[in-house]
Protein chains: 2
Amino acid sequence: MILSENLSIYLQIAERICDEILDNVYPPGERIPSIREYAAMVEVNANTVVRSYEWLQRLEIIYNKRGLGYFVAPDGKHRIREMRREQFFRDELPKFFSRLYTLDIDVSEIEKQYAEYLKKKSGVLELNPPTDTIV
Amino acid sequence: MILSENLSIYLQIAERICDEILDNVYPPGERIPSIREYAAMVEVNANTVVRSYEWLQRLEIIYNKRGLGYFVAPDGKHRIREMRREQFFRDELPKFFSRLYTLDIDVSEIEKQYAEYLKKKSGVLELNPPTDTIV
DNA sequence: TTATGTGTATTAGTTTAATAGTACACCGCA
DNA sequence: TGCGGTGTACTATTAAACTAATACACATAA
């Protein structure tokens, strides 16, 4: 049985950190929380966060300065976006199309609901503008 | 840390069986392979398939006849479709929209690619028509 | 220099899904 | 009746991820 890799905790944490980097919670070049800090934040063992950071370092999204901590790579945001874009078209979109087909859902319905989604989003954005447009 | 439930093997098998039921590999009212048979097919321990079948029985997609085996419920296909439809609009679509937004992908691009998807699909279907339209 | 906070490394323990193997009761059929 | 195929139940084991705790070298600042 070929089983789909289930997302382990350390990868879920890595995903979360990527989200935060995209949201400019941790801007490019700046330091992210220490392993122990982040472990406390997400209520997880430090060793688990170690794996998350090692993983993100391998992807060159963050890098390490000995004795100081981990920092967001200058092009970290770009790397994340490119990786996710690739993943989206390769993995997620085919699954999505398959769902549309077997459930017999019309694309116009999706289009319509996405318009509503954008509308709500813009409403929220007026109150909470993205931090990198404020700077 | 609130972790997303990763799909365990027995649930992946249940999903696979649902796919097969939708594809009329196991038509409504008919028998599905025995636990030991299916375990051998997917190369997995029998206990794992036991859990899959128990799960699908709880969802009233299959039912049991003592000493005989498991059978597809008369409205099994309908149940699967309804469940997946609900799951799609509740879980998958919001995630999909979020991806579209953060990756700045236009819906027209999706629409275009889906048209191609349907085109390929129809090509395949001419060679492999769905079994329930043959009957 | 010393103290404190970094990451790193190591060892041991816990948890849970999946595996392995066995035994048993029910059903249909010969 | 008995045989072979069902599901069911149970115990024990394995494997992998996560947890727990500790020790240590490096960097900064008091």
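Numbering of residues starts from 1 in every chain and runs along the sequence as written. Each chain takes a letter, starting from A, and each ligand takes a number, starting from 1, following the order in which they are written. Whole-chain, interface and lining totals are the exception, using all residues; otherwise, since this is a predicted model, local features are given only for residues with pLDDT of at least 70 and side-chain atom pairs are given and counted only at 80 or more. To get the side-chain values, all heavy atoms of the structure are used, and hydrogens and water are removed first.

J.: For this particular structure, what's the right way to read the domain arrangement of chain A?
T.: In many analyses, interface size is given as the accessible surface area lost on bringing the parts together. Residues and elements named next belong to chain A. Start and end points for every domain follow an automatic or database-based domain assignment. Each assigned domain of chain A is listed with its residue range as follows: domain 1 (9–76) and domain 2 (77–128). Put simply, the middle of domain 1 and the middle of domain 2, counted by C-alpha atoms, are 26 Å apart. When checking whether two residues touch, look at their non-hydrogen atoms; a contact exists if any pair is within 4.5 Å. Counting residues at the interface gives twelve residues for domain 1, matched by seven residues for domain 2. Taken together, the two surfaces of domain 1 and domain 2 that pack against each other cover about 960 Å², and 55% of this comes from carbon and sulfur. Note on definitions: buried area is the accessible-area loss of two parts on being combined, 1.4 Å probe, summed for both.

J.: Where do I start with the side chain of Arg99 of chain A in this structure?
T.: Numbering goes from the N terminus for both helices and strands, where a helix is a DSSP run of H or I of at least four residues and a strand is a run of E of at least two. Tracing the backbone shows Arg99 of chain A in helix α4 (residues 76–103). Type-normalised accessible area, obtained with a 1.4 Å probe on protein chains alone, sets the label of each residue: buried when under 20%, exposed when over 50%, and partly exposed for intermediate values. The exposure class assigned to Arg99 of chain A is buried, which follows from its relative accessible area of 18%. Setting aside its immediate chain neighbours within four residues, Arg99 of chain A contacts Glu15, Arg84, Phe88 and Glu92 of chain B.

J.: Help me understand the environment of Thr48 of chain B, please; the structure alone is not making it clear to me.
T.: Residue and element names in this part refer to chain B. Its place among the elements puts Thr48 in helix α3 (residues 46–58). Classification of Thr48 by relative accessible area gives buried; the value is 15%. Those residues in contact with Thr48 that sit more than four places away from it in its chain are Ile9, Tyr10 and Ile13.

J.: Even after reading the chapter, I still don't get the environment of Asp19 of chain A, so can you show me in this structure?
T.: Residues and elements named next belong to chain A. The topology assignment puts Asp19 in helix α1 (residues 9–22). Its relative accessible area of 36% is what places Asp19 among the partly exposed residues. In this structure the C-alpha to C-alpha distance between Asp19 and Arg51, which are 32 residues apart in sequence, comes to 17 Å.

J.: Looking at this structure, I do not really get the protein's contact with DNA strand D. What am I missing?
T.: Taken together, 23 residues sit near DNA strand D, with Ile9, Asn47, Thr48 and Arg66 of chain A together with Tyr70 of chain B positioned nearest. Side-chain atoms alone can form a polar contact between residues adjacent in sequence; in general such a contact is a pair of N or O atoms within 3.5 Å, and within protein one must be able to donate a hydrogen while the other accepts it. In the model, a phosphate oxygen of DNA strand D is placed 2.3 Å from a nitrogen or oxygen of the Ile9 of chain A main chain. In this structure, a base nitrogen belonging to DNA strand D sits 2.8 Å away from a side-chain N or O atom of Asn47 of chain A. Contributions of two or more residues to the surface near DNA strand D are made by α1 and α3 (46–58) of chain A together with α2 (35–41) and β2 (69–72) of chain B. Following the grouping adopted for this structure description, the nonpolar residues are Ala, Val, Leu, Ile, Met, Phe, Trp, Tyr, Cys and Pro, the charged ones are Asp, Glu, Lys and Arg, and the polar ones are all others, Gly among them. Each residue belonging to the surface near DNA strand D can be placed in one class, and the counts come to seven nonpolar, ten polar and six charged. Any residue with a heavy atom positioned within 4 Å of a molecule or strand is treated as near that molecule or strand.

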